[in-house]
Amino acid sequence: MSLFKARNWWSTILGEKEEFDHGCLCLANVDNSGNGQDKIIVGSFMGYLRIFSPHPTKTGDGAQAADMLLEVDLRDPVLQVEVGKFVSGTEMLHLAVLHSRKLCVYSVSGRDLICIQSIDGMLMVFEQESYAFGRFLPSFLLPGPLAYSSRTDSFITVSSCRQVESYKYQVLAFATDADKRQETDQQKLGSGKRLVVDWTLNIGEQALDICIVSFNQSASSVFVLGERNFFCLKDNGQIRFMKKLDWSPSCFLPYCSVSEGTINTLIGNHNSILHIYQDVTLKWATQLPHIPVAVRVGCLHDLKGVIVTLSDDGHLQCSYLGTDPSLFQAPNVESRELNYDELDVEMKELQKIIKDVNKSQGVWPVTEREDDLSVSVVVSPNFDSVSQATDVEVGTDLVPSVTVKVTLQNRVVLQKVKLSVCVQPPLELTCDQFTFEFMTPDLTRTASFSAYLKRSYTPSELEGKAVVSYSRPTDRNPDGIPRVIQCKFRLPLKLICLPCQPSKTASHKVTIDTNKSPVSLLGLFPGFASQSDDDQVNVMGFHFLGGSQVTLLASKTSQRYRIQSEQFEDLWLITSELILRLQEYFEKQGVKDFACSFSGSMPLQEYFELIDRHFELRMNGEKLKELLSERAVQFRAIQRRLLTRFKDKTPAPLQHLDTLLDGTYKQVIALADAVEENQGSLFQSFTRLKSATHLVILLIGLWQKLSADQIAILEAAFLPLQEDTQELGWEETVDAAISHLLKTCLSKSSKEQALNLNSQLSIPKDTSQLKKHITLLCDRLAKGGRLCLSTDAAAPQTMIMPGGCTTIPESDLEERSVEQDPTEQFTNHRHLTADTSRPDLRPEDCFGNPQLTRALHSLRLVPSSLATSPQEAAWDTFLTPAALPRRSTSGNLQTPCSPKSLPHLGVPEPW
């Protein structure tokens, strides 16, 4: 708040919701009165023209009825008003009003000429009542401010090239007519026919306004108000001075000061402050009640130097400079001694009240929030008659889509209601954002959209979420209290897979035990069985649109179900669907003690292979980004050298720098394509890793009969991220979470509880530590450990060893002391090893990426003698095939170790 304020002398508000700009204000003796008093002329974009003659009885009074001389509706928007001698035969002043498509002169006489600049760059000159000529400005794009210099007889404007341009009136008069924009050959040869600029000055920014002030007949200055600078130019285009502004200006007005040879300038800004400069020196700053878009200085009612400002919403004010001292005095603070014992008692009482309130109703009034808005989702049981899938990358000819409807019903008035729907990729929605209005209670709104599979791999979940954010207005908060409510829905399995012939053999198998008799798969999965007449279908095949197949078998003699597939991660969705449908089936039958269990070997080896594949793609991405950064640096260095050669007056030979530049450019493009392709593969690998993680969590829960809270802790530890980022990846996040569980609720001794976790997460060198911690987690659970978040859970657990379980070493010392058959361990601890015995290993075997292979070969274009960094010299080492693990044809990493697993009370399974 500024101490110096603009003192209100007279002010008024013009109209209601009218708009104004800097050309809508003019001060002059428009009625040619004998006393020579100026009048205020204001035009608005609504078409109203008003003329005021302020006569306040005392300072600060508003407008009186007698102050308005004229108010008329011209029925056309008023763009600019000016007063001058615009009519021949008289010396009287008249008013010129510029509309969007016409110019009107009202009750004014004079010999001045009028120049109008149109939006297409045409200058139209009128001599009194008659049209003189029109000229098009060269290289015109957008209209800028325009001013006339009487001393040089020139028009000065600022073009779209951000430069000030001056055109002589004589050149404009003799140039080509406006209706002849295309010059003929004769006009090009003739002198004086082409419109040539007198002088130009590049100011580097757009101009808001131009004003010309003359001291006398021998000197004048051109003032230009830019977006961040204020310029004063001589009439020949040379800079007299400039001032850098620290704020955004809105309008300005230069005028001659009392002292000879200086110029005063009023500059208003968007902070509602009016600055007064004398040349480049700030002399005064005053606070205004509005943001001015136009400012003028005049003589009103024998008061000279009145500042008249106009805002864009019609606030017109006449002000004079002065000060408004603050008369506020801070009251004396009563000093008293604090009784800390009483404060402690009061604090304990308040904390008890807060604790009781939180226990009784929670932080959020859930029931009240749910009563505000109810959300329900209905998924159509049938496919859309016409598939809504677009831009799909699935190999099948036709990708189906299913319609989802979200219904919202409010109980009270709600504001800013926005619905956001999300599903797991590669599932896609035709529309995922909706906006609604609930201006009255008890309204129902419905949003419909379709879901389909966009890319050729299997999603990790079929569950989607509909999240609604809204604001509920209250008496104390009319803007509303922000709240969020969500509703989950599940897409049908048939959206992503089709029935197929079951396969007898598979690489990966999972067996689920139940305590009830087997159920016909035809009843559990209607629409997926081909034997419709057989009520005891015990085998069924599923073919995912991504390409893989899954077979489901139900035992005829035992209470077991087997799921098998060639891809480990694809077992998850069918296993999850089987358990959910079995639970729904027995709930309908009234059975309450149905339970599932898992007693087979925990498939950690297959899970670790997916972790290694995901981590390998992450490391490849980091290496590719480093290479891309190096090649970009090299590309810019070659560009600088070429530019230096080209700028030299006696250029030296290029010495094949142009060839090197072209080769480096191709490398940058190839590496960029490889980075993009690796990111797509990484995202797909992360989705498969999530599917495998869900399956492992499900099997651990069935194996140890974990509760819902314990499974939620496992999900929070194993699935902390929705996707990988550059700052945080899946491996380091999961390793930190599992390490925390091992040191708290699953700790074996007090020494482990005292260990501190590393506070900084960074990408690890390999996945051996993560795999060791996951194996140790399963071992602790097998010994009877339980997951909980309470602090009392850190006590040592009673170790209950199930039959067939064997321990694994928990430290290097213990590992050296334990002597046992390596085939009986829980799982093997594998590292990525290089297969250096294969001389036929290619770069394709290292990455499995043809695009990257082409990028690697293209990098050989740069000779080692031109290497500019240590990374350049290390590139040959990176290309060595033995530096990376060899990949098998199935896409999994090959290691010299043999797989191991933990037996669990397994019995022969009759099928």
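This text goes with the structure placed above it.
These lines cover the structure that appears in this document, whether it is placed above or below. (Residues numbered from 1 in each chain as written. Predicted model: local features only at pLDDT ≥ 70, side-chain atom pairs only at ≥ 80, totals over all residues. Heavy atoms only, no water.)

### Points about the overall build of the chain
The condition is simple: Secondary structure follows DSSP: runs of H or I at least 4 residues long count as helices, runs of E at least 2 residues long count as strands, and numbering of each begins at the N terminus. Contacts are residue-level and defined by heavy atoms, with any inter-residue pair within 4.5 Å sufficient. Working definition of accessibility: Shrake-Rupley area with a 1.4 Å probe, residue cover restricted to the visible protein chains.
Helix and strand counts for the chain come out as 17 helices and 40 strands. Sequence-distant contacts, at least 24 apart, represent 61% of the contacts inside the chain between residues at least 6 apart. As displayed, the chain has an accessible area near 49000 Å², and 51% of this comes from carbon and sulfur atoms.

### A short note on the sheet that holds strand 27 (residues 373–383)
Inclusion rule: For two strands to count as paired, DSSP must find a minimum of two bridges between them. Structural elements are reduced to axes, namely lines fitted to C-alpha atoms, with helices fitted over the stretch in contact, and the angle between N-to-C directions of any two is expressed from 0 to 180 degrees.
Read from one edge of the open sheet, 4 strands run 27-28-32-30, paired in antiparallel fashion. The two strands at the open ends of the sheet, each matched to only one other strand, are strand 27 and strand 30 (427–429). Strand after strand, the sheet turns through a mean of 25 degrees between neighbouring axes, direction not considered.

### A look at the pattern of salt bridges
Put simply, the rule is: Between Lys or Arg on one side and Asp or Glu on the other, a salt bridge is scored when a side-chain nitrogen of the former is within 4 Å of a carboxyl oxygen of the latter. Each residue's exposure class comes from its accessible area (1.4 Å probe, protein chains only) as a fraction of the maximum for that residue type: buried when under 20%, exposed when over 50%, partly exposed otherwise.
Applying the stated criterion across every chain yields a total of 19 salt bridges. A salt bridge links Arg50 to Glu18, with the shortest nitrogen-to-oxygen separation between them at 2.8 Å. Of this pair, Arg50 sits in strand 4 (residues 48–52) while Glu18 sits in the loop between strand 1 (4–13) and strand 2 (25–28), placing them 32 residues apart in sequence. Note on Glu18: relative accessible area 6%, which makes it buried. Asp372 is the salt-bridge partner of Arg472, the closest N and O atoms lying 2.9 Å from each other. Taken together, the residues Arg472 in strand 33 (residues 463–472) and Asp372 in helix 4 (residues 366–372) connect sequence positions 100 residues apart. Residue Asp372 is classed as buried on the basis of its relative accessible area, which comes to 0%.

### Considerations on the environment of His55
Positionally, His55 belongs in the loop between strand 4 and strand 5 (68–73). The partly exposed category is assigned to His55, whose relative accessible area is 37%. Sequence spacing of His55 and Trp10 is 45 residues, and the spatial spacing of their C-alpha atoms is 8.3 Å. Setting aside its immediate chain neighbours within four residues, His55 contacts Asp67 and His301.

### Some points on the packing of aromatic side chains
Two aromatic rings are characterised by how far apart their centres lie and by the angle between their planes. The condition is simple: The pairing test for Phe, Tyr and Trp rings, Trp by its six-membered ring, is centres within 6.5 Å, and the orientation test on the planes gives stacked under 30 degrees, edge-to-face over 60, and tilted for anything in between. Put simply, a charge is over a ring when the Lys NZ or the Arg CZ is close to the ring centre, within 6 Å, and near the line of the ring normal, within 35 degrees.
Here the structure, examined in full by the defined rule, presents 17 aromatic pairs. Relative to Tyr665, the ring of Phe635 has its centre 6.2 Å away and its plane inclined at 40 degrees; by these criteria the two rings are tilted. Taken together, the residues Phe635 in helix 7 (residues 604–647) and Tyr665 in helix 8 (residues 657–704) connect sequence positions 30 residues apart. What links up through ring pairs into an aromatic cluster is the set Phe133, Tyr148, Phe155 and Tyr169. One Lys or Arg, Arg445, reaches over the ring of Phe438 and ends 5.9 Å from the middle of that ring. Over the face of the ring belonging to Phe383 we find Lys494, whose NZ or CZ atom lies 5.1 Å from the ring centre.

### Thoughts on the packing of helix 7 against helix 8
We count it as follows: When describing relative orientation, an angle under 35 degrees is termed roughly parallel and one over 145 degrees roughly antiparallel, while 65 to 115 degrees is termed roughly perpendicular and anything else oblique. By definition, turning the near helix anticlockwise from the far helix through less than a right angle yields a left-handed crossing, and turning it clockwise yields a right-handed one. Under the grouping applied here, Gly and all other residues not named as nonpolar or charged are polar, the nonpolar ones being Ala, Val, Leu, Ile, Met, Phe, Trp, Tyr, Cys and Pro and the charged ones Asp, Glu, Lys and Arg.
Contact geometry for helix 7 and helix 8: axes closest at 8 Å, N-to-C directions at 160 degrees. Classified by the interaxial angle, the pair formed by helix 7 and helix 8 is roughly antiparallel. For the pair helix 7 and helix 8, the sense of crossing is left-handed. Taken together, the residues of the contact of helix 7 with helix 8 sort by class into 25 nonpolar, 12 polar and 8 charged.

### Examining the sheet that holds strand 7 (residues 94–99)
Strand order in the open sheet formed by 3 strands is 6-7-8, and the pairing between neighbours is antiparallel. Strands at the two margins of the open sheet, each flanked by one partner only, are strand 6 (78–84) and strand 8 (103–106). The mean inter-strand angle of the sheet, taken between neighbouring strand axes irrespective of direction, is 20 degrees. Bridge count for strand 6 against strand 7 is 6 bridges, and the pairing is antiparallel. Looking across to strand 7, one finds that Val78 is bridged to His99.

### Topic: the side chain of Ser272
Looking at the secondary structure, you find Ser272 in the loop between strand 21 (263–269) and strand 22 (273–278). Taking relative accessible area as the criterion, Ser272 reaches 13% and is therefore assigned buried.

### A look at the layout of surface pockets
For clarity, the cut-off: Using a grid of 1 Å spacing that covers the protein atoms alone, one calls a set of points a cavity when a 1.4 Å probe fits there but cannot get out, and a pocket when the set is open and has protein on both sides within 12 Å along at least five of seven lines; lining residues are those with an atom within 4 Å of a point. Grid points are joined across faces, edges and corners, and a volume is the space filled by probe spheres set on the points.
Estimated volume of the second largest pocket: approximately 1300 Å³. What lines the second largest pocket is a set of 41 residues, among which Glu461, Glu463, Trp572, His694 and Glu715 lie closest to the centre. For the lining of the second largest pocket, the elements supplying multiple residues, two or more each, are strand 33, strand 34 (481–490), helix 6 (571–588), helix 8 and helix 9 (708–718). Broken down by element, the residue count for the lining of the second largest pocket peaks at 8 residues, all from helix 6. For the lining of the second largest pocket, the class distribution of residues is 21 nonpolar, 8 polar and 12 charged.

### Observations regarding a negative patch on the surface
The condition is simple: Patches here are clusters of residues that have more than 30% relative accessible area and form no salt bridge, with a 9 Å joining cutoff for like charges and a 5 Å cutoff for nonpolar side chains (Val, Leu, Ile, Met, Phe, Trp, Tyr). Think of it this way: Lys and Arg go in the positive column, Asp and Glu in the negative one, and His and the chain ends go nowhere. The atoms used to mark charge sites are NZ of Lys, CZ of Arg, CG of Asp and CD of Glu.
Side chains of Asp341, Glu342, Asp344, Glu346 and Glu349 sit close together on the surface and give a patch of like negative charge. With respect to the secondary-structure elements, Glu349 resides in helix 3 (residues 340–361).

### Things to note about a nonpolar patch on the surface
Nonpolar side chains collect at one region of the surface, where Leu338, Tyr340 and Leu343 lie side by side and expose about 330 Å² of accessible area between them. With respect to the helices and strands, Leu343 occurs in helix 3.

### A look at the nonpolar core
The condition that has to hold: Residues belong to one nonpolar core when they are buried, are Ala, Val, Leu, Ile, Met, Phe, Trp, Tyr or Cys, and are joined through side-chain atoms within 4.5 Å.
Leu408, Leu419, Tyr607 and Phe718 are the most contacted members of the largest nonpolar core, which totals 103 residues. Top contributing element to this core by residue count: helix 8, with 10 residues. Leave out the neighbours within four places in its chain, and Leu419 touches Val406, Leu408, Asp432, Gln433, Phe434, Phe436, Ala447, Ala466, Val467 and Val468. Among the nonpolar cores identified, the runner-up in size contains 17 residues, and Leu14, Val42, Phe52 and Leu316 belong to it.

### Topic: the packing of helix 7 against helix 12 (residues 768–782)
Packing of helix 7 against helix 12 brings their axes to within 11 Å, and their N-to-C directions diverge by 150 degrees. It follows from the interaxial angle that helix 7 and helix 12 lie roughly antiparallel. For the pair helix 7 and helix 12, the sense of crossing is right-handed. Facing Leu604, Tyr607, Phe608, Ile611 and Asp612 of helix 7, the residues of helix 12 in contact are Leu770, Lys771, Ile774, Thr775 and Cys778.

### Concerning the side chain of Asp384
To keep it simple, the criterion reads: Any N or O atom pair separated by 3.5 Å or less is treated as a polar contact, with the protein-specific requirement of one donor-capable and one acceptor-capable atom, and with residues adjacent in sequence counted only for side-chain atom pairs.
Considering the arrangement of structural elements, one finds Asp384 in the loop between strand 27 and strand 28 (401–410). Lys405 provides the closest opposite charge to the buried, salt-bridge-free Asp384, at an N-O distance of 9.4 Å. Reaching out from Asp384, the side chain makes a polar contact with the side chain of Ser450 at a distance of 3.0 Å. Apart from the residues within four sequence positions on either side, Asp384 is in contact with Ser401, Val402, Thr403 and Ser450.

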